[in-house]
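Observations on the three-dimensional arrangement
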Amino acid sequence: MESASAVIDLKIKELGDWRGKTLAKVRDIIHAADPAIVEEWKWAKATSPGTPVFSHGGIVCTGETYKNAVKMTFGKGAALKDPSGLFNSSLEGNVRRAIDIHEGDKVDEAALKDLIRAAVALNLKGKSKTKPKPKSRRASSKRAD
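Residues numbered from 1 in each chain as written. Predicted model: local features only at pLDDT ≥ 70, side-chain atom pairs only at ≥ 80, totals over all residues. Heavy atoms only, no water.

**Notes on helix 1 (residues 4-15)**
Applied cut-off: Numbered from the N terminus, helices here are DSSP runs of H or I no shorter than four residues, and strands are runs of E no shorter than two. Residue count minus one, scaled by 1.5 Å, sets the expected span of a helix. Each residue is placed in one exposure class: buried if its accessible area under a 1.4 Å probe, protein chains only, is under 20% of its type's maximum, exposed if it is over 50%, and partly exposed if it falls in between. The directions considered for the arc are those from the helix axis to the C-beta atoms. Contacts are assigned to residue pairs with any non-hydrogen atoms lying within 4.5 Å of each other.
The terminal C-alpha atoms of helix 1, which comprises twelve residues, lie 17 Å apart, in line with the 16 Å expected from a rise of 1.5 Å per residue. Within helix 1 the residues assigned to the buried category are Ala4, Ile8, Ile12 and Leu15. Taken end-on, helix 1 shows its buried residues confined to a sector of 80°, consistent with a single buried face. For helix 1, the exposed residues lying more than 90 degrees away from the buried face are Lys13 and Glu14. Packed against the buried residues of helix 1 are helix 2 (18-33), strand 1 (38-42), strand 2 (51-55) and strand 4 (64-65). Taken from the residues just after helix 1, glycine 16 is the one with a positive phi, measuring 60°.

Okay, structure coming up:
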């Protein structure tokens, strides 16, 4: 089985157009924002070849490609501050937010890096919470008479 990074490389090469170049650029920005990002390839099935996923402490974002857009979907995007207004898709959801990049669009690299770092920080914040130990379900063996 090929590594996720190799599969993403192949996807970029197979696209061979502005979408491949855009996905490659976004990928570079993601890694520049957080060198600890892990690349994964998820949700491959008979009806779909799968999706590039970038993770650190959980999913940070995906890198889907469509006929007219490269879509970066942030799994917890609704919880992120977006002062630069990068999110332009999936705005009505309670959890996710996405950035659709169309042919000819200029990517605000600094703002995207900030958003990626914020997504990682949110993931890691959620991981650092220690779960309380469950209380014992056993009742006391002493009976009150």
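**Description of the nonpolar core**
To be explicit about the condition: In this description, a nonpolar core means a group of buried Ala, Val, Leu, Ile, Met, Phe, Trp, Tyr and Cys residues linked to one another through side-chain atoms lying within 4.5 Å.
Formed by 22 residues in total, the largest nonpolar core has its most connected members in Ile30, Val60, Met72, Phe74, Ile99, Leu112 and Ile116. Looking at this core, the element that brings in the most residues is helix 3 (residues 109-128), giving six residues. Non-local contacts of methionine 72, meaning those with residues more than four positions away in its chain, are made with Val26, Ile30, Cys61, Thr62, Arg97, Ala98, Ile99, Ile101 and Leu112.

**Description of the pattern of salt bridges**
Pairing between side chains becomes possible if they bear opposite charge and their charged atoms approach one another. Our working definition: The rule for a salt bridge is simple: a side-chain nitrogen of Lys or Arg has to be within 4 Å of a carboxyl oxygen of Asp or Glu.
On inspection of all chains with the given rule, the structure shows seven salt bridges. In this structure, the salt-bridge partner of arginine 27 is glutamate 39, at a minimum N-O distance of 2.6 Å. In this pair, arginine 27 sits in helix 2 while glutamate 39 sits in strand 1, placing the two residues twelve residues apart along the sequence. This pair shows no difference in class: arginine 27 is buried, exactly as glutamate 39 is. With its nearest N and O atoms 3.9 Å apart, the salt bridge here joins lysine 42 to glutamate 40. Take lysine 42: its relative accessible area is 27%, and that puts it in the partly exposed class. Residue glutamate 40 is classed as partly exposed on the basis of its relative accessible area of 25%. Residues joined in a network through salt bridges with shared partners are Asp9, Arg27 and Glu39.

**Side note on the packing of helix 1 against helix 2**
What counts, and what does not: Axes here refer to lines fitted to C-alpha atoms; in helices the fit is confined to the stretch in contact. Angles between the N-to-C directions go from 0 to 180 degrees. Just so you know the grouping, Ala, Val, Leu, Ile, Met, Phe, Trp, Tyr, Cys and Pro go in nonpolar, Asp, Glu, Lys and Arg go in charged, and all remaining residues, Gly too, go in polar.
Where helix 1 contacts helix 2, the two axes come as close as 7 Å, and the packing angle between them is 145°. Contact with helix 1, carried on its side by Ser5, Ile8, Asp9, Lys11, Ile12 and Leu15, involves Arg19, Gly20, Leu23, Ala24 and Arg27 of helix 2 and no other residues of that element. Of the residues that constitute the contact of helix 1 with helix 2, the class distribution is five nonpolar, two polar and four charged.

**Some details on the layout of surface pockets**
This is how it is decided: We place a 1 Å grid over just the protein atoms. Points where a 1.4 Å probe fits but has no way out form a cavity, open points with protein on both sides within 12 Å along at least 5 of 7 lines form a pocket, and any residue with an atom within 4 Å of a point lines it. Grid points are joined across faces, edges and corners, and a volume is the space filled by probe spheres set on the points.
In this structure, the largest pocket spans a volume of roughly 200 Å³. Forming the walls of the largest pocket are Lys11, Trp43, Lys45, Ser48, Pro49, Gly50, Thr51, Pro52, Gly63, Glu64, Thr65 and Tyr66. What the second largest pocket holds in volume is close to 150 Å³. Looking at the lining of the second largest pocket, the element that brings in the most residues is strand 6 (residues 97-101), giving three residues. The residue inventory of the lining of the second largest pocket, partitioned by class, reads six nonpolar, two polar and four charged.

**Some remarks on the side chain of threonine 65**
The criterion, for reference: In the analysis that follows, any N or O atom pair within 3.5 Å is treated as a polar contact, provided that within protein one partner can donate a hydrogen and the other can accept it, and provided that, for residues neighboring in sequence, both atoms belong to side chains.
For threonine 65, the position within the fold is in strand 4. A polar side-chain atom of threonine 65 sits 3.5 Å from a polar atom in the side chain of lysine 11.

**A short note on the sheet that holds strand 1**
Defined as follows: Only strands that DSSP links by at least two bridges are regarded as paired with each other.
Across the sheet, three strands lie side by side as 1-2-3; this open sheet has antiparallel pairing. Edge positions in the sheet fall to strand 1 and strand 3 (59-62), since each has one partner strand and no second. Between one strand axis and the next, the sheet turns by 30° as a mean value, whatever way the strands run. Inspection of the sheet shows strand 1 paired to strand 2 by five bridges, in the antiparallel sense.

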